[in-house]
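Each chain, letter by letter, is given below.
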Number of protein chains: 2
Amino acid sequence: MSKDISNAVIRRMPRYYRYLGDLLEKGIERISSNDLSALMNVTASQIRQDLNNFGGFGQQGYGYNVKSLHKTIGTILGLDITHHVVILGAGNLGRALANFVQFERRGFKVVGLFDVNPELKGRSVRNVKIMMIDEFDGFVKENKVDIAAFTMPRDKAQLMVDKVVSLKIPAIWNFANMELSLPDDVIVENVHLSDSLMQLSYDLAKRNEK
Amino acid sequence: MSKDISNAVIRRMPRYYRYLGDLLEKGIERISSNDLSALMNVTASQIRQDLNNFGGFGQQGYGYNVKSLHKTIGTILGLDITHHVVILGAGNLGRALANFVQFERRGFKVVGLFDVNPELKGRSVRNVKIMMIDEFDGFVKENKVDIAAFTMPRDKAQLMVDKVVSLKIPAIWNFANMELSLPDDVIVENVHLSDSLMQLSYDLAKRNEK
């Protein structure tokens, strides 16, 4: 990319990508910024501004070409590159992630699933074998790993951070429900389910006040 | 509450609550906005501004009283009220949610787990029995239900929206990885895991460019 795009704009791109993907599935070939605006509940001017960052694909009187816009945003998001994921913690959440079909659609591949529970050893989820955590170092040395998903219990998370950092895995997808202390060059994407719950709680409390 | 607090401020409250909870666990009784700023990676002036919305508990030279601030934010977020949750879809993700210990800490209680798979009938997750979806209407009529968690496959989601709306369940916690079409008075909190994946993908692509 020739110019830097602000983080705020990037944060909104996955949502555009999702909506455009839905339109594509429905066979819709083009859409005006006004229609996209109504669909996504964002102002048309915000949409035009956001998409102009990528060279302005919209044409007066025609709108956006859904397929080419979808493809361009996909490329910007790096979805044409395959990323290898290991899942650390093969409990329900880890297994739910391993089964997450969106992985493949977004260019992600689960290459390993690790746990400490010997009962799980050798079992498979979607053709990925569950390995024991003491096999982790060896595995990472022999396989390309881009992302470690943290689905282990919270009290094991910081310990695994140190391991991930020493093994030079570049990114963490964190479900451990805590902030991780990390060097600046490790990418982290937090999924704080408890924050989401608290927002729900607030909205319900607010509603009941009325 | 006597005054309306902006959505942007509310969105940040769960994070404050989480950090303050961690400090409490460590036995820390008070903290300055500067120390909280360094910890949370937010400017001290933002912190002061945000917390002033709730009456400004900070005192010059003393800082914030962690316990009382934590409690006040908890009350604002409605965490002292018990919310009843049903989980629709007892696959791995549904079971992971049923096992989610944060539920109890935030005042949420899983009261029912539903699925269409007859093999799951009668099985339990954390003392909550899995029921069949045809028992759902009757269950909601006899039990208070505040939130329906959507952990079913994407193609079943919109159908369940209609049911939830007709049963007057006030809120949906949506993991179905799609936007739901909803009446305005239904509260929805989306957890878009695929958006989070795309952000990771972007960050990795960006890193590799360097």
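Let me begin by describing the structure that accompanies this report.

## A few points about the sheet that holds strand β8 (residues 171-174) of chain B
The 7 strands are arranged β5-β6-β4-β3-β7-β8-β9 (chain B) in an open sheet whose pairing can be described as mixed. Single-partner strands in this sheet number two, and they are β5 (124-125) and β9 (187-190) of chain B.

## Considerations on the relation of the copies chain B and chain A
Mapping chain B onto chain A calls for a rotation angle of 180° and an axial translation of 0.0 Å; the resulting RMSD is 0.0 Å. Those values place the two copies in the arrangement expected of a two-fold rotation axis. Distance from the rotation axis, computed per C-alpha, reaches its smallest value in chain B at Asn 92 of chain B: 2.6 Å. Of all interface residues in chain B, 100% are interface residues in chain A too; the two copies therefore contact each other through one and the same surface.

## Quick word on the packing of helix α1 (residues 7-25) of chain A against helix α3 (residues 44-52) of chain A
All names here are of chain A. Closest axis-to-axis distance for the α1/α3 pair is 11 Å, and the angle between their directions is 105°. On the basis of their axis angle, the class for α1 and α3 is roughly perpendicular. Only Gln 46, Ile 47, Asp 50 and Leu 51 of α3 make contact with α1, whose side of the interface consists of Val 9, Arg 12, Met 13 and Tyr 16.

## Side note on the sheet that holds strand β6 (residues 128-132) of chain A
Residues and elements named next belong to chain A. Pairing within the open sheet is mixed, and its 7 strands lie in the order β5-β6-β4-β3-β7-β8-β9. Looking at the sheet topology across the chains shown, the edges are occupied by β5 (124-125) and β9 (187-190). On the sheet, helix α8 (residues 154-166) packs against β3 (83-88), β7 (147-150) and β8 (171-174) and is oriented at approximately 175° with respect to β7.

## Describing the packing of aromatic side chains
Residue and element names in this part refer to chain B. According to the stated counting rule, one finds 6 aromatic pairs over all chains in the structure shown. An angle of 70° between the planes, with centres 5.0 Å apart, marks the rings of Phe 114 and Phe 136 as edge-to-face. Pair noted here: Phe 114 is in strand β4 (residues 108-115) and Phe 136 is in helix α7 (residues 136-142), with a separation of 22 residues, a long-range link. Accessibility expressed as a relative area gives 1% for Phe 114, which makes it buried. Look at Phe 114 and Phe 139: their rings are 5.5 Å apart centre to centre, the planes differ by 70°, and that puts the pair in the edge-to-face class. Here the residue Phe 114 occupies a position in strand β4, and Phe 139 occupies one in helix α7, the gap between them amounting to 25 residues.

## Thoughts on the interface of chain B and chain A
Every contact between the two is made by 59 residues of chain B and, on the other side, 59 residues of chain A. The contact between chain B and chain A buries some 5,600 Å² in all, and 62% of this surface belongs to carbon and sulfur atoms. It is Leu 197, Met 198 and Tyr 202 of chain B in chain B that bury the most area against chain A; as a group they hold 12% of the surface buried on that side. Scanning the region where chain B abuts chain A turns up 7 salt bridges. Here Asp 22 of chain A and Arg 154 of chain B are joined by a salt bridge, their closest N and O atoms 3.1 Å apart. Run the count over chain B and chain A and you get 22 residue pairs in polar contact (both at pLDDT 80 or more). If one sorts the elements of the side of chain B that touches chain A by residue count, helix α9 (residues 193-209) of chain B sits on top with 16 residues.

## Let's talk about the pairing of β8 of chain A
All names here are of chain A. Burial along β8 is two-sided: Ala 171 and Trp 173 facing one way and Ile 172 and Asn 174 facing the other are all buried. Judged from the 4 bridges that link them, β7 and β8 form a sheet pairing that is parallel. Each bridged residue has a counterpart across the sheet, and for Ala 148 the counterpart in β8 is Ile 172. Crossover handedness for the path β7 to α8 to β8: right-handed. Across 4 bridges, the pairing between β8 and β9 is parallel. When the sheet's bridge partners are listed, Trp 173 is paired in β9 with Glu 189.

Calculation notes
- Residues numbered from 1 in each chain as written.
- Chains lettered and ligands numbered in written order.
- Predicted model: local features only at pLDDT ≥ 70, side-chain atom pairs only at ≥ 80, totals over all residues.
- Heavy atoms only, no water.
- Pairing = 2+ DSSP bridges.
- Helix = DSSP H or I, 4+ residues; strand = E, 2+ residues; numbered from the N terminus.
- Least-squares fit on C-alpha atoms with pLDDT ≥ 70 in both.
- Contact = heavy atoms within 4.5 Å.
- Axes fitted to C-alpha atoms, helices over the stretch in contact; angles between N-to-C directions.
- Parallel < 35°, antiparallel > 145°, perpendicular 65-115°, else oblique.
- Phe/Tyr/Trp six-rings, centres within 6.5 Å; stacked < 30°, edge-to-face > 60°.
- Buried < 20%, exposed > 50% of the residue type's maximum accessible area, 1.4 Å probe, protein only.
- Buried area = accessible area lost by both parts, 1.4 Å probe.
- Salt bridge = Lys/Arg side-chain N within 4 Å of Asp/Glu carboxyl O.
- Polar contact = N/O pair within 3.5 Å; in protein donor to acceptor, adjacent residues only side chain to side chain.
- Right-handed = clockwise from strand over helix to strand, strands pointing away.

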